[in-house]
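The primary structure of each chain is shown beneath.
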2 protein chains.
Amino acid sequence: MTAATLTPTLDDLETPCLLLDESRMMRNIQRLGALMAEHGVQLRPHLKTPKSVEVARRVMSSPQGPAAVSTLQEAEQFAAAGVTDLLYAVGVAPGKLARVEALRKRGVDLTVVVDSLEAARALAAHVQMAGAAIPALIEIDCDGHRAGVQPGNAEQLVAIARVLHEAHSLRGVMTHAGESYACRSVEAIADMAEQERAAAVSCAETIRGAGLLCPVVSVGSTPTAHFARNLEGVTEVRAGVYVFFDLVMAGLGVCTVDDIAASVLTTVIGHQPDKGWILVDAGWMAMSRDRGTAKQAVDQLYGVVCDVQGRIYPDLLLAETNQEQGIVKLRAASGASLPDLPLGTKLRILPNHACATCAQHDAYEVVQPGVPGVVAHWERFRGW
Amino acid sequence: MTAATLTPTLDDLETPCLLLDESRMMRNIQRLGALMAEHGVQLRPHLKTPKSVEVARRVMSSPQGPAAVSTLQEAEQFAAAGVTDLLYAVGVAPGKLARVEALRKRGVDLTVVVDSLEAARALAAHVQMAGAAIPALIEIDCDGHRAGVQPGNAEQLVAIARVLHEAHSLRGVMTHAGESYACRSVEAIADMAEQERAAAVSCAETIRGAGLLCPVVSVGSTPTAHFARNLEGVTEVRAGVYVFFDLVMAGLGVCTVDDIAASVLTTVIGHQPDKGWILVDAGWMAMSRDRGTAKQAVDQLYGVVCDVQGRIYPDLLLAETNQEQGIVKLRAASGASLPDLPLGTKLRILPNHACATCAQHDAYEVVQPGVPGVVAHWERFRGW
């Protein structure tokens, strides 16, 4: 970052662009950090949300990690920045093991995930060929959301564990309660956290019961991480989106809208007064097409509209998006009045899903409450 | 492009990545080119879809253009590649006029769009300050879809035209039938094309009737461009997504699925046999969250699944997506059987919306029928 990248006020920024409120982010980081300290469990932040070395350094407990990633591109980028304890938390394709091995040879303790005998055997074959173990966690399907061994399928679980063990690559189990995003109350999230914990811990016990070591029991999602009543038997918790939060998390009750640290800065480019529309230069290219709140009790459409300082306009939403153009209007049946926002006015839009919206941008323009301009410019990366 | 970027077979590519079938693309380009030649109207391809100099050179009628863009980043990138006739086809924010002026000073004939007296006056003020005209088209709202002057509002139209005329910046009118994406038949698209044409031409006549010049009458959307019965009075047609086509366009009947030139290459990373699921490494990060077919007669979910050569599997869809993981399954109530696709199998996914899916990638891996590997690697750019 050089002084030349900083702007005296937000009005000097080209729009659309991605703003990051550093104070909110640090508050979010401290909140979950304190919760995990109370539980006495290690936090492994998921870096798929920030995809930024600067954010990673603030969210990790040490410059070396631990952290989780969703792509090998992330693993390689963070490894280059000095992170050495990484979990590649998506089932690994056999064709990607050579890249995993290359990172491990550079001293990065990169762990992979498998959920089938087929994948475990492919890993074992690679290990045999390469002559070096690749530690793996067995993914458990705690909620039917995506991948993983069924927690009740002890036979399959132990068979996979044995293959990994023989390849000196068995490190433990992991699960992710993706269905927690569909919960309707904090109580339901806490129940889901217990379901997630119980599935992972029981599978670890099954593996240990077969005489194998299972040191790692990894669980997590942002909602369950915040409302778990008990993490007994869990060795680490993974969470990603909590670093920025978003409207989906606010709709779930995991945070409030005042905790949302990422927003898109946009400019008013027109009006359709007869329709009550204000046109802005943030379309789906800037926001993403994510509509995660569509299934929640309060649908926030493409996002909640704030003034340039981040103060929310009552009932004002980014209602529709074209590629590079958005339509701002009042929520249906709102009693609020449309604010007078002349051509050129800057606005902030809070996103449905921070992971998706941030991925549309190449950098964060970092802001602080009370500071008129941008205090830092942090680059993001992308790709696979 | 260097030889080192080419791969002998598609199995050598890291996944997910974006494939571009050059033969299909060239066929799509020739089809609309021939239609426009029949009408005797100039085509101004919209480069927001490809965002690639290599594709632009193939889709434009000359290396200098004409072409349309949706961001000033595109204008600057294509200008650097020698394109000199550009329309920035989104209402311009006054704060962006300095970048427009800078491009014009470099010899790029960049035209902007305004749709209000407020915007026209901001442009006129900038022109007066800068001492150089900035040609503008007045946007007309032909279908209530987004921005533009109402075609019946002659008073507003002429008032805007006069402000632009006095600033030596009046070049014409433009409109875009965005609602054509919601048409249910080719007949309805043809009707929408006539509505688009009539709105633009009548507004041009209103301006001319006030004694002002209105040389440009610009219309277009991919559906209306393909089914317009008559383009009398129109001087140019804009279209973008036709260069690649997609499932939304196939659902509209503008193309067939065999015309879709862009697809995402993905790898099988797991199975949930009890659920009939095949897991792949293409999630919403690779596909985008666009679900444009959701409102069509046939919902294609996140995309149609093909084998590595592009042959469609009957009723096999990318049904759900997480960030870096997709769930492939058969369409509900399908009589087809789930193909046996072992771990590591490569597949292609046809996208809902080519503009959105391509925007998730940094390059095209160019393929040709009958050629086993990648014949070229074309970079894309992004940002604003």
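Residues numbered from 1 in each chain as written. Chains lettered and ligands numbered in written order. Predicted model: local features only at pLDDT ≥ 70, side-chain atom pairs only at ≥ 80, totals over all residues. Heavy atoms only, no water.

The name given to chain A in an unreviewed UniProt entry is D-threo-3-hydroxyaspartate dehydratase, with Achromobacter piechaudii as the source organism. The UniProt entry for chain A carries this comment under Sequence similarities (unreviewed entry): "Belongs to the DSD1 family." (UniProt positions renumbered as here; feature names shortened; annotations may be inferred.)

Engineer: Teacher, can you tell me more about the nonpolar core here?
Structural biologist: Note that soluble globular proteins tend to have their nonpolar side chains buried in a common cluster. In this structure, A:Ile138, A:Val173, A:Phe244, B:Ile138, B:Val173 and B:Phe244 are the most contacted members of the largest nonpolar core, which totals 257 residues. Setting aside its immediate chain neighbours within four residues, A:Val173 contacts A:Leu137, A:Ile138, A:Ile140, A:Ala200, A:Cys203, A:Ala204, A:Ile207, A:Cys214, A:Val216, A:Val217 and A:Ser218. (Core = buried A, V, L, I, M, F, W, Y, C linked by side-chain atoms within 4.5 Å. Buried < 20%, exposed > 50% of the residue type's maximum accessible area, 1.4 Å probe, protein only. Contact = heavy atoms within 4.5 Å.)

Engineer: Mind showing me how you'd approach the relation of the copies chain A and chain B here?
Structural biologist: Turning one copy of the chain about an axis and sliding it along that axis gives the other copy, so a rotation and a shift relate them. Expressed as a screw operation, the relation of chain A to chain B combines 0.0 Å of axial shift with a rotation of 180°, fitting to an RMSD of 0.0 Å. Overall, the copies show the geometry of a two-fold rotation axis. When each C-alpha of chain A is compared by its distance to the rotation axis, A:Arg289 comes out closest, at 2.5 Å. Both copies contact each other with a shared surface, as 100% of the interface residues of chain A are interface residues in chain B too. (Least-squares fit on C-alpha atoms with pLDDT ≥ 70 in both.)

Engineer: What exactly am I supposed to notice about unusual backbone geometry here?
Structural biologist: Most of the time, phi is negative for any residue but glycine, and the peptide bond is trans. The amide bond that connects A:Thr15 to the next residue, A:Pro16, takes the cis arrangement and shows omega of -5°. The topology assignment puts A:Pro16 in the segment before strand 1 (17-21). In this model, B:Gly65 is joined to B:Pro66 through a cis peptide bond whose omega is 0°. Within the fold, B:Pro66 resides in the loop between helix 2 (53-59) and strand 3 (67-69). The backbone phi angle of A:His168 is positive, close to 55°, even though this residue is not glycine. As for its position among the elements, A:His168 is in the loop between helix 6 (154-166) and strand 7 (170-175). Here B:Ser288, not a glycine, exhibits a phi torsion of approximately 80°, which is positive. Within the secondary structure, B:Ser288 sits in the loop between helix 10 (284-287) and strand 12 (304-307). (Helix = DSSP H or I, 4+ residues; strand = E, 2+ residues; numbered from the N terminus.)

Engineer: Would you explain the environment of A:Pro45 in this entry?
Structural biologist: All names here are of chain A. Secondary-structure assignment places Pro45 in strand 2 (residues 42-45). Take Pro45: its relative accessible area is 2%, and that puts it in the buried class. Residues Pro45 and Pro66, 21 residues apart in the sequence, show an inter-C-alpha distance of 7.3 Å. Among all residues touching Pro45, those that are not within four sequence positions of it are Val59, Met60, Pro66, Ala67, Ala68, Ala239 and Tyr242.

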